[in-house]
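# Results of the structural survey
For reference, the chains in residue letters:
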Amino acid sequence: MTPDDLQQALDRLPHGAEFRFLDRLTKLVPGQSGDGEYRVRGDGPFLRGHFPGQPIFPGVLLTEAAAQLAGVVAQSDPAIAPLRNLKLAAMRNVKILGTAKPGETILLEATVTARMGNLIQAHATARVGTETVLTAELTLSGNQ
């Protein structure tokens, strides 16, 4: 994959800049797996109240970042047309094992484990350095 291919896959995210928790893709096996990064910049309004004086990246947004990467992986499959209106539909076995602070980079991995019609299942993890901060089984749903 070239850097342009990776950027085109990232551009398939439907989210606006304010709600994109994936800065770049570092690896993509189209339709199968991918790695990405998100740097916690510290200027997000959610950090002011989570928690005052000791901001941490919310666990629910760690899950959202993992789902965004899973969506990019799934939508990049050259053999399957992208689904419209792809959204996070279900979460199972989500474990928030740590957190990220402003200035830290979250390293994300997602693997598509199954597809059936308009449903996509994926396994995802997030790390900060060598510490795993999230593991999750995610289901995405869209329209054909």
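In this text, all values refer to a predicted model and were calculated from it rather than measured experimentally.

## A short note on the pattern of salt bridges
Pairing of side chains with opposite charge becomes possible as their charged atoms draw close. As enumerated under the stated definition, the model contains three salt bridges in all. Among the salt bridges present, the one from D23 reaches R41, with a minimum N-O distance of 3.2 Å. Here D23 is found in the loop between α1 (3-10) and β1 (24-29), whereas its partner R41 is found in the loop between β2 (33-39) and α2 (45-48), with 18 residues between them in sequence. Look at D23 and you get partly exposed, because its relative accessible area is 31%.

## Points about the pairing of strand β5 (residues 119-128)
Sheet analysis places strand β4 (residues 105-116) next to β5, joined by ten bridges and oriented antiparallel. Each bridged residue has a counterpart across the sheet, and for M116 the counterpart in β5 is L119. Where β5 meets strand β6 (residues 131-143), ten bridges bridge the pair, whose relative direction is antiparallel. Across the sheet, V128 pairs through a bridge with E131, a residue of β6. In textbook terms, the turn of a hairpin is the stretch between consecutive antiparallel strands, and for β5 and β6 this stretch comprises two residues, one of which, G129, has a positive phi near 65°.

## Structural notes on the pairing of β2
Sheet analysis places β1 next to β2, joined by five bridges and oriented antiparallel. Following the sheet pairing, K27 is matched in β2 by D35. Linking two consecutive strands that pair antiparallel, namely β1 and β2, is a turn of three residues; a positive phi of about 80° is found at G31 within it. Sheet analysis places β2 next to β4, joined by seven bridges and oriented antiparallel. Paired with E37 across the strands is L107, a residue of β4.

Quick notes on the rules
Residues numbered from 1 in each chain as written. Predicted model: local features only at pLDDT ≥ 70, side-chain atom pairs only at ≥ 80, totals over all residues. Heavy atoms only, no water. Salt bridge = Lys/Arg side-chain N within 4 Å of Asp/Glu carboxyl O. Helix = DSSP H or I, 4+ residues; strand = E, 2+ residues; numbered from the N terminus. Buried < 20%, exposed > 50% of the residue type's maximum accessible area, 1.4 Å probe, protein only. Pairing = 2+ DSSP bridges.

Taken by themselves, the reported measurements are silent on function.
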